[in-house]
Amino acid sequence: MLQLIYASRPFGYDLNMLASILATSRERNARADITGALICRFDIFLQLLEGPKAQVESTFERICADDRHVDVLPLVSEPVEDRLFPQWAMKHDPAVSWLWSPLEIHMGALENASVRDIRAIFLKVALADGS
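All values derive from a computational prediction rather than experimental measurement.

Draft legend 1. Main features of the packing of aromatic side chains. Applying the stated criterion across every chain, the model contains two aromatic pairs. On the basis of an interplanar angle of 55° and a centroid distance of 5.5 Å, the ring pair of Tyr6 and Phe60 is categorised as tilted. Separated by 54 residues along the polypeptide, Tyr6 in strand S1 (residues 2-10) and Phe60 in helix H2 (residues 53-65) bring together distant segments of the chain. For Phe60, a relative accessible area of 13% puts it in the buried group. Here the aromatic rings of Phe85 and Phe122 are separated by 6.4 Å at their centres, their planes lie at 85°, and the arrangement is edge-to-face. On the criterion of sequence distance, the pair formed by Phe85 in the loop between strand S4 (69-79) and strand S5 (91-93) and Phe122 in helix H5 (residues 115-129) is long-range, its members being 37 residues apart. For the pair shown, Phe85 and Phe122 are each scored as buried.

Draft legend 2. Layout of the side chain of Glu50. Relative to the elements of secondary structure, Glu50 occurs in strand S3 (residues 44-51). From its side chain, Glu50 meets the backbone nitrogen of Phe85 in a polar contact 2.6 Å long. Not counting residues within four places of it along the chain, the set of residues in contact with Glu50 comprises Leu2, Gln3, Asp33, Ile34, Thr35, Gly36, Val56, Arg83, Leu84, Phe85 and Pro86.

Draft legend 3. Looking closely at the sheet that holds S1. Ordered by their spatial adjacency, five strands build an open sheet running S4-S1-S3-S2-S5, and the pairing between neighbours is mixed. Two strands in the sheet have a free side with no partner beyond their single neighbour: S4 and S5. Strand-to-strand twist of the sheet, defined as the mean angle between neighbouring strand axes without regard to direction, takes the value 15°. Here eight bridges tie S1 to S4, and the two strands are oriented antiparallel to one another. Bridge assignment links Ala7 to a residue of S4, and that residue is Leu73.

What counts and what doesn't
Residues numbered from 1 in each chain as written. Predicted model: local features only at pLDDT ≥ 70, side-chain atom pairs only at ≥ 80, totals over all residues. Heavy atoms only, no water. Phe/Tyr/Trp six-rings, centres within 6.5 Å; stacked < 30°, edge-to-face > 60°. Helix = DSSP H or I, 4+ residues; strand = E, 2+ residues; numbered from the N terminus. Buried < 20%, exposed > 50% of the residue type's maximum accessible area, 1.4 Å probe, protein only. Polar contact = N/O pair within 3.5 Å; in protein donor to acceptor, adjacent residues only side chain to side chain. Contact = heavy atoms within 4.5 Å. Pairing = 2+ DSSP bridges. Axes fitted to C-alpha atoms, helices over the stretch in contact; angles between N-to-C directions.

Listed below in structure tokens is the structure:
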């Protein structure tokens, strides 16, 4: 099983766009045996995908080609034994768990974060609802 985490900047972010992304993700991910979470706010998407390697990679390729995502930055891509979000085709977190301000993101917090730092964000999201 592969766990992939990436960041991107949303293009045209509003609640309708977010609802569309979540609905489509949940439907496609359920069919592909992918689970994960999307942390989002107006300036950034941070998403974790986990599942069979081929399906996760195919989903990530589709995301990279999606014009609602700008400056897609892969952060983590590693095999894992267990899912962090086993019951969520796509959990939505409206960035209440977020660690960095928009200024910190702009100043390179993501690029300077360790794999452990990135995973800690999603662990906090998973623990918030007992996933």
